[in-house]
Amino acid sequence: MEPLEPTLVNILEQRSLKWIFVGGKGGVGKTTTSSSLGLLLARDRRVLLVSTDPAHNLSDAFGQKFGKEPTKVNGVDNLSVMEIDPTGSIQEMIEQSDSQGGAMGSIMQDLAFAIPGVDEAMGFAEIMKLVKSMDYDVVVFDTAPTGHTLRFLSFPSVLEKALAKFSTLGRSLGPMINQMSGMFGGGAPNQEDLFAKLESMRAVITEVNTQFKDADKTTFVCVCIAEFLSLYETERLVQELTQYEIDTHAIVCNQLLYPNPGSDCEHCKVRKAMQDKYLGEMMDLYADDFHVVRMPLLTEEIRGVEKLKSFSQYLIEPYQPSNV
């Protein structure tokens, strides 16, 4: 079989895509890749680029401050960016419950943190609900390092279990909460509003989970560098995504070194030899089933819209070293 085309053109041409995840090991260029892909998609679609990495690098990449509300990128039509904290929504929910009725806020907190991962899962649900209410054609996620990303993708199932437990425990404790509130002279917390909110989350998560497993709607772009640990992490990610039934058929290999012919730089020769070894292994593993994109190591930082636009071209037109 011939290797697949070494570009992301196939992703740009897949007009049915709604969700695109970009992820991999820390420090391999996920933010640069997701930003570049977002710029390419924004040529003819309304795009939202979302950072779910607590480290948040999108503001640095574009040289513009972003926050938890979508903000249009200066000088770019159709591209907005938001940086969110997946653990923040549950705390807001607890604080809101506290303001409405202290007893329910306390119960919410006990329930939330008794279930591993539910704080982030509920934050994820709030993100999805927010995103779905917006008018964007495609959402690109700049994700946290691999382990956090895999947890992020498992949140729908975590949330389903959590919401079931919330409803059961919350409703059984409801009369007790009302009685205690009455004894201490407090107003009864608005339980029905809370349960309605949880149920609406469940509906959103169920729908989104179905879309994540639909290759027409969702794909995952794996990002790596040509080193052992990164290649190992990429294989782990590919296997996990397969288990989650999430489509992945593109790998971006960043920071590739192309020394000038005749260079006497010993360091460059050693790095190039190591790089070629792991690139060879990567092609053996993935060339038949993945679009493997090779991105060059440049001599300057890729920051700002113009540099990102220039770099993004290598995602659709294979890099050709000037020395070849």
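Residues numbered from 1 in each chain as written. Predicted model: local features only at pLDDT ≥ 70, side-chain atom pairs only at ≥ 80, totals over all residues. Heavy atoms only, no water.

A short note on the UniProt feature "binding site: Zn(2+)" (unreviewed entry) in the protein chain
For step 1, the next point in the chain: As recorded in UniProt, the feature "binding site: Zn(2+)" (unreviewed entry) lies at Cys-265 and Cys-268.
For step 2, the next point in the chain: Looking at the element boundaries, Cys-265 is found in the loop between strand 7 (250–256) and helix 10 (266–286).
For step 3, the next point in the chain: Owing to a relative accessible area of 25%, Cys-265 belongs among the partly exposed residues under this scheme.
For step 4, the next point in the chain: Along the chain, Cys-268 turns up in helix 10.
For step 5, the next point in the chain: Given the relative accessible area of 18%, Cys-268 is considered buried.
For step 6, the next point in the chain: If sequence neighbours within four positions are ignored, Cys-268 has contacts with Leu-257 and Pro-259. (UniProt positions renumbered as here; feature names shortened; annotations may be inferred. Helix = DSSP H or I, 4+ residues; strand = E, 2+ residues; numbered from the N terminus. Buried < 20%, exposed > 50% of the residue type's maximum accessible area, 1.4 Å probe, protein only. Contact = heavy atoms within 4.5 Å.)

A word on the sheet that holds strand 4 (residues 79–83)
For step 1, the next point in the chain: Strand order in the open sheet made by the eight strands is 3-4-2-5-1-6-7-8, with mixed pairing throughout. Lying at the two open borders of the sheet, with one neighbouring strand each, are strand 3 (71–72) and strand 8 (291–296).
For step 2, the next point in the chain: Strand direction decides the pairing type here: strand 3 and strand 4, joined by two bridges, are antiparallel. What sits directly across from Thr-71, in strand 4, is Val-81.
For step 3, the next point in the chain: Each of strand 6 (218–225), strand 7 and strand 8 is contacted by helix 10, which is oriented at about 175° to strand 7, the strand it contacts most. (Pairing = 2+ DSSP bridges. Axes fitted to C-alpha atoms, helices over the stretch in contact; angles between N-to-C directions.)

Brief notes about the packing of helix 9 (residues 228–243) against helix 10
For step 1, the next point in the chain: Packing of helix 9 against helix 10 leaves a shortest axis separation of 10 Å and a crossing angle of 15°. The angle between helix 9 and helix 10 falls in the class roughly parallel. Note on packing geometry: the crossing formed by helix 9 with helix 10 is right-handed. Counting all contacts with helix 9, which are made through Phe-228, Leu-231, Thr-234, Glu-235 and Val-238, the residues of helix 10 involved are Tyr-278, Glu-281, Met-282, Leu-285 and Tyr-286.
For step 2, the next point in the chain: In terms of residue class, the contact of helix 9 with helix 10 is made up of seven nonpolar, one polar and two charged. (Parallel < 35°, antiparallel > 145°, perpendicular 65-115°, else oblique. Left-handed = near helix turned anticlockwise from the far one by under 90°. Nonpolar A, V, L, I, M, F, W, Y, C, P; charged D, E, K, R; others polar.)

Observations regarding the packing of aromatic side chains
For step 1, the next point in the chain: For the coordinates displayed, the defined rule picks out eleven aromatic pairs.
For step 2, the next point in the chain: On the basis of an interplanar angle of 85° and a centroid distance of 5.0 Å, the ring pair of Tyr-314 and Tyr-319 is categorised as edge-to-face.
For step 3, the next point in the chain: Aromatic ring contacts, followed pair by pair, group Trp-19, Phe-21, Phe-141, Phe-212 and Phe-220 into a single cluster. (Phe/Tyr/Trp six-rings, centres within 6.5 Å; stacked < 30°, edge-to-face > 60°.)

As for unusual backbone geometry
Trans is the common state for peptide bonds, and a negative phi is the common state for residues other than glycine.
For step 1, the next point in the chain: For Asn-78, which is not glycine, the phi dihedral falls at a positive 75°.
For step 2, the next point in the chain: Of note, Asn-78 is situated in the loop between strand 3 and strand 4.

What to know about the nonpolar core
Note on soluble globular proteins: their nonpolar side chains tend to be buried together.
For step 1, the next point in the chain: Within the largest apolar cluster, 38 residues are counted, with the highest numbers of intra-cluster contacts made by Ile-20, Phe-62 and Leu-79.
For step 2, the next point in the chain: With four residues, helix 2 (residues 30–41) is the single largest residue contributor to this core.
For step 3, the next point in the chain: The next biggest cluster of nonpolar side chains, apart from the first, holds 35 residues, and it includes Ile-127, Leu-256, Tyr-278 and Tyr-286. (Core = buried A, V, L, I, M, F, W, Y, C linked by side-chain atoms within 4.5 Å.)

Comments concerning helix 9
A turn of α-helix holds 3.6 residues, and therefore any two residues three or four places apart point the same way.
For step 1, the next point in the chain: In this model, helix 9 (16 residues) spans 23 Å end to end at C-alpha, consistent with the 22 Å of a helix rising 1.5 Å per residue.
For step 2, the next point in the chain: Restricting attention to buried positions, one finds in helix 9 the residues Ser-230, Leu-231, Glu-233, Thr-234, Leu-237, Val-238 and Leu-241. Buried residues of helix 9 fall within an arc of 160° about the axis and therefore sit on the same side. Projecting away from the buried face of helix 9 at angles above 90 degrees are the exposed residues Leu-229, Tyr-232, Thr-242 and Gln-243.
For step 3, the next point in the chain: Two residues or fewer after helix 9 comes Glu-245, characterised by a positive phi angle close to 65°. (Expected span 1.5 Å × (residues − 1). Arc of directions from axis to C-beta.)

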